[in-house]
Amino acid sequence: MKRVWIFCMVVLFPVTFVYSQQNSGLAEEFTKLEDYLRNPKLTDEQKKKNFETNMVSSVRSTLSKRLSNPKKDLKDLKFQDLQTERPEGTNTFFVKYKNYYFQYQFPVDPETYVTSPSEEIVLEKPEGLDLGAGAHKEEKKN
(Lines give C-alpha, C1' and ligand atoms only; values in the text may rest on other atoms or scores of the structure.)
Protein backbone atom coordinates (compact mmCIF):
# COMPACT_ATOMS: atom_id res chain seq x y z
CA MET A 1 0.00 0.00 0.00
CA LYS A 2 2.87 2.35 0.77
CA ARG A 3 4.25 1.72 -2.70
CA VAL A 4 0.97 2.81 -4.33
CA TRP A 5 0.92 5.95 -2.20
CA ILE A 6 4.54 6.76 -3.06
CA PHE A 7 3.84 6.07 -6.74
CA CYS A 8 0.90 8.48 -6.65
CA MET A 9 2.93 11.17 -4.93
CA VAL A 10 5.94 10.83 -7.21
CA VAL A 11 4.23 10.31 -10.58
CA LEU A 12 0.64 11.55 -10.49
CA PHE A 13 1.04 14.72 -8.42
CA PRO A 14 3.52 16.37 -10.83
CA VAL A 15 1.33 15.38 -13.80
CA THR A 16 -1.73 16.90 -12.10
CA PHE A 17 0.23 20.04 -11.24
CA VAL A 18 1.44 20.49 -14.85
CA TYR A 19 -2.08 19.82 -16.19
CA SER A 20 -3.61 22.41 -13.86
CA GLN A 21 -0.96 24.95 -14.88
CA GLN A 22 -1.82 24.42 -18.54
CA ASN A 23 -5.53 24.86 -17.83
CA SER A 24 -5.07 28.06 -15.87
CA GLY A 25 -3.18 29.51 -18.83
CA LEU A 26 -5.93 28.43 -21.21
CA ALA A 27 -8.63 29.71 -18.88
CA GLU A 28 -6.81 33.03 -18.65
CA GLU A 29 -6.53 33.24 -22.45
CA PHE A 30 -10.24 32.40 -22.76
CA THR A 31 -11.18 35.12 -20.28
CA LYS A 32 -9.02 37.69 -22.07
CA LEU A 33 -10.50 36.75 -25.46
CA GLU A 34 -14.03 36.91 -24.08
CA ASP A 35 -13.36 40.36 -22.58
CA TYR A 36 -11.86 41.54 -25.87
CA LEU A 37 -14.89 40.35 -27.87
CA ARG A 38 -17.44 41.73 -25.41
CA ASN A 39 -15.72 45.09 -25.02
CA PRO A 40 -14.15 45.94 -28.34
CA LYS A 41 -11.87 48.96 -28.49
CA LEU A 42 -13.15 50.81 -31.55
CA THR A 43 -12.03 54.05 -33.11
CA ASP A 44 -14.57 56.82 -33.68
CA GLU A 45 -14.43 56.03 -37.41
CA GLN A 46 -15.25 52.35 -36.76
CA LYS A 47 -18.15 53.33 -34.49
CA LYS A 48 -19.51 55.72 -37.12
CA LYS A 49 -19.28 53.04 -39.82
CA ASN A 50 -21.03 50.44 -37.62
CA PHE A 51 -23.79 52.91 -36.78
CA GLU A 52 -24.38 53.91 -40.40
CA THR A 53 -24.37 50.28 -41.55
CA ASN A 54 -26.85 49.28 -38.85
CA MET A 55 -29.25 52.16 -39.58
CA VAL A 56 -29.28 51.67 -43.36
CA SER A 57 -29.62 47.91 -42.99
CA SER A 58 -32.49 48.28 -40.53
CA VAL A 59 -34.44 50.72 -42.72
CA ARG A 60 -33.80 48.60 -45.81
CA SER A 61 -35.00 45.46 -44.00
CA THR A 62 -38.11 47.13 -42.58
CA LEU A 63 -39.16 48.74 -45.85
CA SER A 64 -38.45 45.66 -47.95
CA LYS A 65 -41.50 44.12 -46.21
CA ARG A 66 -43.73 47.10 -47.05
CA LEU A 67 -42.75 48.21 -50.55
CA SER A 68 -43.93 46.50 -53.73
CA ASN A 69 -40.54 46.82 -55.46
CA PRO A 70 -37.96 47.20 -52.66
CA LYS A 71 -34.89 46.47 -54.79
CA LYS A 72 -35.71 49.36 -57.10
CA ASP A 73 -37.04 51.72 -54.43
CA LEU A 74 -34.18 51.19 -51.97
CA LYS A 75 -31.18 50.64 -54.25
CA ASP A 76 -29.90 54.20 -53.72
CA LEU A 77 -30.61 54.37 -49.97
CA LYS A 78 -27.70 56.01 -48.14
CA PHE A 79 -27.15 57.04 -44.55
CA GLN A 80 -27.25 60.70 -45.61
CA ASP A 81 -30.93 60.16 -46.56
CA LEU A 82 -31.81 59.35 -42.94
CA GLN A 83 -32.49 61.56 -39.94
CA THR A 84 -31.68 59.83 -36.66
CA GLU A 85 -32.18 60.63 -33.00
CA ARG A 86 -31.18 58.66 -29.91
CA PRO A 87 -32.53 59.40 -26.43
CA GLU A 88 -29.50 59.58 -24.14
CA GLY A 89 -28.54 56.39 -22.33
CA THR A 90 -30.68 54.06 -24.47
CA ASN A 91 -30.37 51.76 -27.45
CA THR A 92 -33.61 53.18 -28.85
CA PHE A 93 -33.42 55.14 -32.10
CA PHE A 94 -35.94 57.25 -33.97
CA VAL A 95 -35.30 57.39 -37.69
CA LYS A 96 -36.98 59.30 -40.51
CA TYR A 97 -36.70 58.38 -44.19
CA LYS A 98 -38.90 60.23 -46.68
CA ASN A 99 -42.43 59.92 -45.23
CA TYR A 100 -41.57 56.91 -43.02
CA TYR A 101 -40.87 57.14 -39.30
CA PHE A 102 -39.20 54.28 -37.44
CA GLN A 103 -38.55 53.40 -33.84
CA TYR A 104 -35.86 50.78 -33.36
CA GLN A 105 -34.79 49.08 -30.14
CA PHE A 106 -31.40 47.38 -30.40
CA PRO A 107 -30.25 44.61 -28.04
CA VAL A 108 -26.71 46.08 -27.97
CA ASP A 109 -25.11 49.39 -28.88
CA PRO A 110 -25.29 49.69 -32.69
CA GLU A 111 -22.18 51.87 -32.68
CA THR A 112 -20.14 49.07 -31.16
CA TYR A 113 -21.63 45.97 -32.79
CA VAL A 114 -23.09 45.10 -36.18
CA THR A 115 -26.61 44.16 -35.13
CA SER A 116 -30.29 44.17 -36.06
CA PRO A 117 -33.09 45.73 -34.05
CA SER A 118 -34.89 43.49 -31.58
CA GLU A 119 -38.03 45.62 -31.90
CA GLU A 120 -39.23 47.91 -34.64
CA ILE A 121 -42.21 50.17 -35.21
CA VAL A 122 -42.80 51.86 -38.55
CA LEU A 123 -45.30 54.61 -39.31
CA GLU A 124 -46.08 56.16 -42.67
CA LYS A 125 -47.05 59.82 -42.67
CA PRO A 126 -50.02 60.58 -44.95
CA GLU A 127 -49.47 63.18 -47.68
CA GLY A 128 -50.27 66.71 -46.54
CA LEU A 129 -50.26 65.95 -42.81
CA ASP A 130 -48.70 68.82 -40.85
CA LEU A 131 -46.74 67.64 -37.81
CA GLY A 132 -45.59 71.16 -36.87
CA ALA A 133 -46.04 72.63 -33.40
CA GLY A 134 -49.70 72.75 -32.41
CA ALA A 135 -50.87 70.90 -35.52
CA HIS A 136 -52.81 68.33 -33.50
CA LYS A 137 -54.38 70.58 -30.84
CA GLU A 138 -58.05 70.22 -30.03
CA GLU A 139 -60.17 73.13 -31.23
CA LYS A 140 -61.96 75.03 -28.48
CA LYS A 141 -65.71 75.04 -28.80
CA ASN A 142 -67.57 78.21 -27.90
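Here's a quick rundown of the structure. (Residues numbered from 1 in each chain as written. Predicted model: local features only at pLDDT ≥ 70, side-chain atom pairs only at ≥ 80, totals over all residues. Heavy atoms only, no water.)

1. Here we look at unusual backbone geometry
Item 1. Even without being glycine, Lys98 reaches a positive phi, approximately 55°.
Item 2. The class of Lys98 is exposed, set by a relative accessible area of 58%. (Buried < 20%, exposed > 50% of the residue type's maximum accessible area, 1.4 Å probe, protein only.)

2. Re the packing of aromatic side chains
Item 1. Following the criterion strictly, the structure yields six aromatic pairs and no others.
Item 2. Their ring planes at 10° and their centres at 5.6 Å tell us that Phe102 and Tyr104 sit as a pair that is stacked. (Phe/Tyr/Trp six-rings, centres within 6.5 Å; stacked < 30°, edge-to-face > 60°.)

3. Here's the deal with the pattern of salt bridges
Item 1. Taken as a whole and assessed by the stated rule, the structure comprises four salt bridges.
Item 2. The partner of Lys48 in a salt bridge is Glu52, with the nearest N and O atoms 3.9 Å apart. Note that Lys48 and Glu52 are positioned in helix α2 (residues 44-64) at a spacing of four residues, about one turn of the helix.
Item 3. Arg86 is paired through a salt bridge with Asp109; the nearest N and O atoms lie 3.4 Å apart. One end of the pair, Arg86, is in the loop between β1 (83-85) and β2 (92-97); the other, Asp109, is in the loop between β3 (100-105) and β4 (119-124), and 23 residues separate them in sequence.
Item 4. Take Arg86: its relative accessible area is 30%, and that puts it in the partly exposed class.
Item 5. You can call Asp109 partly exposed: its relative accessible area is 22%. (Salt bridge = Lys/Arg side-chain N within 4 Å of Asp/Glu carboxyl O. Helix = DSSP H or I, 4+ residues; strand = E, 2+ residues; numbered from the N terminus.)

Note that every value here comes from positions in space, so none of it alone points to a role or purpose.
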